[in-house]
Structure formats: structure tokens, C-alpha cells
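Results of the structural survey
One-letter residues, chain by chain:
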Amino acid sequence: MSIPSNAPHSFRNKSGKTARLLCMCAPAGQEELFMEVGIPVESRTAPAPKLNKDEQEAFIKKAVALAPKYRTELLKP
């Protein structure tokens, strides 16, 4: 799938099973946002961290605060 620049988009896993997403951004730079806001895991096959409600809210707050630095706009679902 190719998404044009500035096009609103989202990703959902509707399968109910563990899924992985390979996201390639061009030009480079967007990966810096993912590195700064993301939560590191032990390996590429490690499960995603389980966040409680407070942790999820803090994660979203951090992402919203960092988004403008990376010329990113986060849209509410």
C-alpha cells in the first residue's frame, strides 16, 4: 500500500491475532518520531508491551506533544 503525503490514514488489526506492520517512510525522518515515542522491546518478535489506562494516556500525550516536531498531525478516530 502506498499512502500519498499528507493523506489521513490509520492501521487496524481486525484479525484478533498478533500482527506486525512494516512501515517504510519516504523521505526519511518519520522513523525518528517512532523511535522517540515508541517503547523498545527485546527483539522484533517480542510481544508489544501491555499498557494500563494511565500508561496509554501518557503514551498518547507524549505522541501528541512530539508530533509537530516531526511535521505530523495526529487525528482522533
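Structural notes, computed from the coordinates. (Residues numbered from 1 in each chain as written. Predicted model: local features only at pLDDT ≥ 70, side-chain atom pairs only at ≥ 80, totals over all residues. Heavy atoms only, no water.)

**Examining the overall build of the protein chain**
What the protein chain contains, in helices and strands, is two helices and zero strands. Along the first, second and third principal axes, the C-alpha atoms of the protein chain reach 30 × 30 × 25 Å. Taking all 77 residues of the protein chain together, 10% fall into the buried category. Partitioning the intrachain contacts of the protein chain with sequence separation of at least 6 by distance along the chain shows that 54% fall at a separation of at least 24. Only carbon and sulfur atoms are counted for the fraction: they give 57% of the accessible area of the protein chain, which is about 7500 Å². Seen as two clouds, the 12 positive and the 8 negative side-chain charges of the protein chain have centres 8 Å apart. (Helix = DSSP H or I, 4+ residues; strand = E, 2+ residues; numbered from the N terminus. Buried < 20%, exposed > 50% of the residue type's maximum accessible area, 1.4 Å probe, protein only. Contact = heavy atoms within 4.5 Å. Areas by Shrake-Rupley, 256 points an atom, 1.4 Å probe, with all protein chains shown as cover. Lys, Arg positive; Asp, Glu negative; His and termini not counted. Charge placed at Lys NZ, Arg CZ, Asp CG, Glu CD.)

**So, the pattern of salt bridges**
Within the structure shown, the criterion is met by one salt bridge. Note that Glu36 is salt-bridged to Lys69, the shortest N-O span being 3.2 Å. Here Glu36, found in helix H1 (residues 30-37), pairs with Lys69, found in the segment after helix H2 (53-66); they are 33 residues apart in sequence, far enough to count as distant. Given a relative accessible area of 29%, Glu36 falls into the partly exposed group. (Salt bridge = Lys/Arg side-chain N within 4 Å of Asp/Glu carboxyl O.)

**A closer look at a nonpolar patch on the surface**
A surface patch of nonpolar side chains, amounting to about 430 Å² of accessible area, comprises Ile39, Phe59, Ile60, Val64 and Leu74. Looking at where Ile60 falls in the secondary structure, it is placed in helix H2. (Patch = residues over 30% accessible without salt bridge, like charges linked within 9 Å, V, L, I, M, F, W, Y side chains within 5 Å.)

**Comments concerning the state of the cysteines**
Applying the stated criterion to the full structure yields zero disulfides. Here Cys23 stays free of any disulfide, with the sulfur of Cys25 as its closest cysteine sulfur at 3.7 Å. (Disulfide = S-S within 2.5 Å.)

**Notes on H2**
Along an α-helix, a turn takes 3.6 residues, which lines up residues three or four apart on a common side. In this model, H2 (14 residues) spans 20 Å end to end at C-alpha, consistent with the 20 Å of a helix rising 1.5 Å per residue. You can read the cap of H2 off the contacts: a side-chain oxygen lies 3.0 Å from the backbone nitrogen of Asp54, and it is on Asn52. (Expected span 1.5 Å × (residues − 1). Polar contact = N/O pair within 3.5 Å; in protein donor to acceptor, adjacent residues only side chain to side chain.)

**Points about the side chain of Thr72**
Relative to the helices and strands, Thr72 is located in the segment after H2. Polar contacts involving the side chain of Thr72 include one to the main-chain carbonyl oxygen of Tyr70, which spans 3.0 Å.

**Brief notes about the nonpolar core**
Across soluble globular proteins, nonpolar side chains show a tendency to be buried alongside one another. If you look at the biggest cluster of nonpolar residues, it comprises five residues: Leu33, Val37, Ala63, Leu66 and Tyr70. When contributions to this core are tallied by element, the ones reaching two or more residues are H1 and H2. (Core = buried A, V, L, I, M, F, W, Y, C linked by side-chain atoms within 4.5 Å.)

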